[in-house]
Amino acid sequence: MHELAMADSIVTGVLEEIGRRGITRVLAVGLEVGELMDVVPDSLKFGFEVAVRGTELAGARLEITEVPLTAECPGCTQSFRVEKYLFVCPICGNRDINVLTGKELRVTFLEIDDDA
Amino acid sequence: MTKVQLEKNVLSENDRVAADIRRQMTDHRILCLNLVSSPGSGKTSLLEKTLAALGGDLRMGLVAGDVQTENDADRLKAAGGAWVRPIVTGGACHLDARMVQKALSDAPFEKLDLMFIENVGNLVCPSSYDLGEDMKVVLISTTEGDDKPSKYPGMFRRSSLMIVNKTDLMAYTDFSRDKVRDNALAINGRLDILELSCRSGDGLDGWYDWLRDRVRAKKA
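As the structure is a prediction and not an experimental result, all values here were calculated from the model. By convention here, each chain's residues receive numbers from 1 onward along its written sequence. Chain letters and ligand numbers both follow the written order, the letters beginning at A and the numbers at 1. Local features in this predicted model are restricted to residues whose pLDDT is 70 or higher, and side-chain atom pairs enter the listing and the counts only when it is 80 or higher, whereas totals over whole chains, interfaces and linings include all residues.

J.: Let's hear about the overall build of chain A: which residues, and what values?
T.: The secondary structure listing takes helices from DSSP runs of H or I that are at least 4 residues long and strands from runs of E that are at least 2 residues long, numbered from the N terminus. For chain A, the count of helices and strands is two helices and six strands. Along the chain direction, N to C, the helices and strands of chain A fall in the order α-β-α-β-β-β-β-β. The globule rule puts the C-alpha radius of gyration for 116 residues at 13 Å, and the 18 Å found for chain A is more than 25% above it. For chain A, the C-alpha atoms occupy an extent of roughly 55 × 30 × 15 Å along the three principal directions. Counting other C-beta atoms within 10 Å of a residue's C-beta gives its exposure: the residue is buried at 20 or more, exposed at 12 or fewer, and partly exposed in between, where C-beta atoms are placed from the backbone. Burial status across chain A gives 34% buried among its 116 residues. Using C-alpha atoms as the atom set, the radius of gyration is obtained and then compared with a globule rule of 2.2 Å times the number of residues to the power 0.38.

J.: So, the environment of Ser160 of chain B: which residues are in play, and what are the values?
T.: Residues and elements named next belong to chain B. Mapped onto the secondary structure, Ser160 falls in the loop between α6 (153-158) and β7 (161-165). Given 17 C-beta atoms within a 10 Å radius, Ser160 is considered partly exposed. Sequence separation between Ser160 and Val138 is 22 residues, and the spatial gap between their C-alpha atoms is 8.0 Å. Among all residues touching Ser160, those that are not within four sequence positions of it are Met135, Lys136, Val137, Leu191 and Asp192. Residue pairs are scored as contacts if the distance between their C-beta atoms, which are placed from the backbone, is within 7 Å.

J.: With reference to specific residues and values, describe unusual backbone geometry.
T.: All names here are of chain A. Phi at Asp38 takes a positive value of approximately 50°, unusual for a residue other than glycine. Relative to the assigned elements, Asp38 resides in the loop between β1 (26-34) and α2 (41-52). Here Asp38 falls in the partly exposed class, since 19 other C-beta atoms lie within 10 Å of it.

J.: Give me the sheet that holds strand β3 (residues 70-72) of chain A: which residues, what numbers.
T.: Two orientations exist for strands paired in a sheet by backbone hydrogen bonds: parallel and antiparallel. Residues and elements named next belong to chain A. The three strands are arranged β4-β3-β5 in an open sheet whose pairing can be described as antiparallel. Each edge of the sheet is formed by a strand with only one pairing partner; in this case those strands are β4 (79-81) and β5 (98-101). Each neighbouring strand pair of the sheet contributes to a mean axis angle of 35°, computed without reference to strand direction. A pair of strands is treated as paired once DSSP finds two or more bridges between them. Sheet analysis places β3 next to β5, joined by three bridges and oriented antiparallel. Residue pairing across strands places Ala71 opposite Val99, the latter belonging to β5. Throughout, an axis means a line fitted to C-alpha atoms (over the contacting stretch in the case of helices), and angles, computed between N-to-C directions, take values from 0 to 180 degrees.

J.: I'd like a rundown of the interface of chain A and chain B, residues and numbers included.
T.: Taken together, the contact between chain A and chain B spans 28 residues of the former and 28 residues of the latter. When contributions to the side of chain A that touches chain B are tallied by element, the ones reaching two or more residues are α1 (3-21) and β6 (105-112) of chain A. Classifying every residue of the side of chain A that touches chain B gives 16 nonpolar, four polar and eight charged. Two strands pair when backbone bridges link them, and β6 of chain A and strand β1 (residues 2-9) of chain B are joined in this way by six bridges, in the antiparallel orientation. Residue pairing in the sheet places Glu111 of chain A in a bridge with Lys3 of chain B of β1 of chain B. Residue classes follow a fixed rule: Ala, Val, Leu, Ile, Met, Phe, Trp, Tyr, Cys and Pro count as nonpolar, while Asp, Glu, Lys and Arg count as charged, and any other residue, Gly among them, counts as polar.

J.: Run through the sheet that holds β1 of chain B, naming residues and quoting values.
T.: If you trace the four strands from one edge of the open sheet to the other, you get β2(A)-β1(A)-β6(A)-β1(B), paired in mixed fashion. Strand pairing shows two members of the sheet lacking a second neighbour, β2 (61-67) of chain A together with β1 of chain B, which therefore form its edges. This sheet shows a mean twist of 20° between the axes of neighbouring strands, independent of strand direction. With respect to the sheet, α1 of chain A is in contact with β1 and β6 of chain A together with β1 of chain B, its orientation differing from that of β6 of chain A by roughly 50°. In the packing of α2 of chain A onto the sheet, the strands contacted are β1 and β2 of chain A, and the crossing angle to β2 of chain A comes to about 155°.

Right, here's the structure in full:
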């Protein structure tokens, strides 16, 4: 259940950010979560609901975009979707491949209320 | 309603502290390993054996994480010779960089060659938290089944070495050394693999050689 600790880090980071920018009311927080991060979106949303209580983010939604796992083969320079966590190039069978996407855990946008 | 675009890594604070730890270890040429496994795979037993066998050879430090109790740290202090500190997470399922930094606050960096971080027994949560280590070492034991890598790919992808422990019990289980190897290498083609038994002592020399080589490389 590391989602609760992650939710806490999200809230701390966003509170810092809105303080810096002078934003007072946030409607939604957009988050990209890579497939390799072992995050359960529902658990993270639950953690977020708990973590925002009593803060300026109370009531804000967490909008999660899941980022699929992709990789590139240095041998044949093909990029591909990694299926079922098999980190093997589907073209040449190379196992020494580089992950391109799937390790994300970042806040990508804030939806703010202009009338507040 | 306005959308403000951002690019803010959630674990940036953890990663910043981890980078500090990594710099400190590298400045002192200390090899730092983060040991991860399920509960009961034998992390503490492996460390006990290692401290006893290499104590005259390498100067070792160790921080041992547990959800409750300092039992592991106590066992490791009893193994003698090493600098040992416990981290009791009080419920948290993983160590983060700040906990490790706090535990390391009085570490004798100038007198160490090798630092072990024994993580909380858990193959999911510790995988996303960088602790400033050079490498993650993942342990599994033959009694857990040979599909562990396929079930917890994130951890095996991020590890540099997989140790298969309890080989003395392999005959009593359905564990297949070929299957675990195939499963692990399909997730991480760069993974080193060692087999050993802390109980019988088989294969421990291979682990000690692996450690000595990596310590030497860090010092070079």
